[in-house]
Amino acid sequence: MTVSVRRGVRIDAGLAADLLLPADAGPVPAVVALMPYRVDALGGAGCRAALRRFAEAGYGCVLVDCRGLGSSDGPARPPFDPAEADDGVAAVEWAAAQPWCDG
């Protein structure tokens, strides 16, 4: 299946993400991944390859820079800060509200 990739998508909470979608598909389930190592760096490249396989299988994939990293807004949090979960919640809620997602 062909995959459409959109880089630098803005999520309402000030987060930045890459979006990988199966082309010409109706609403699909979503996979959301938070990246504490920058989406546009080596760690993001490795994760993006795995998410591409999910998109080829019919999932919408959102690869998100944690707050303060990469293109996301705000100050970076310390590693393993429990507040990173807030970014995950915001990303999942955003994805579920998109027209490409089946919720």
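Residues numbered from 1 in each chain as written. Predicted model: local features only at pLDDT ≥ 70, side-chain atom pairs only at ≥ 80, totals over all residues. Heavy atoms only, no water.

Trainee: An account of the pairing of strand β1 (residues 3–11) is requested, with residue identities and associated values reported.
Mentor: As paired strands, β1 and strand β2 (residues 15–22) are joined by seven bridges and run antiparallel to one another. Bridging from a neighbouring strand, S4 pairs with L21 of β2. Hairpin geometry of β1 and β2 is characterised by an intervening segment of three residues between the two adjacent antiparallel strands and by a positive phi of about 85° at G14. (Pairing = 2+ DSSP bridges. Helix = DSSP H or I, 4+ residues; strand = E, 2+ residues; numbered from the N terminus.)

Trainee: How would you summarise unusual backbone geometry if you had to cite specific residues and measurements?
Mentor: With the exception of glycine, most residues fall at negative phi, and the peptide bonds are largely trans. Even without glycine at this site, F80 takes up a positive phi of about 65°. Along the chain, F80 turns up in the loop between β4 (60–65) and α2 (84–96).

Trainee: Give a description of the packing of aromatic side chains that names residues and reports values.
Mentor: According to the stated counting rule, one finds two aromatic pairs in the structure shown. Residues F54 and Y59 carry aromatic rings whose centres are separated by 5.8 Å and whose planes lie at 90° to one another, so their mutual orientation is edge-to-face. (Phe/Tyr/Trp six-rings, centres within 6.5 Å; stacked < 30°, edge-to-face > 60°.)

Trainee: A description of the nonpolar core should follow, citing residues and the corresponding values.
Mentor: Counting 15 residues, the largest nonpolar core has I11, L19, V62, V64, W94 and W100 as its most contacted members. The set of elements that each furnish at least two residues to this core consists of β1, β2, β4 and α2. Each residue touching L19, except ones within four places of it in the same chain, is listed here: S4, V5, R6, V9, C61, V62 and W100. Core analysis: the next-biggest nonpolar cluster, separate from the first, contains nine residues, V3, V31, A33 and C61 among them. (Core = buried A, V, L, I, M, F, W, Y, C linked by side-chain atoms within 4.5 Å. Buried < 20%, exposed > 50% of the residue type's maximum accessible area, 1.4 Å probe, protein only. Contact = heavy atoms within 4.5 Å.)

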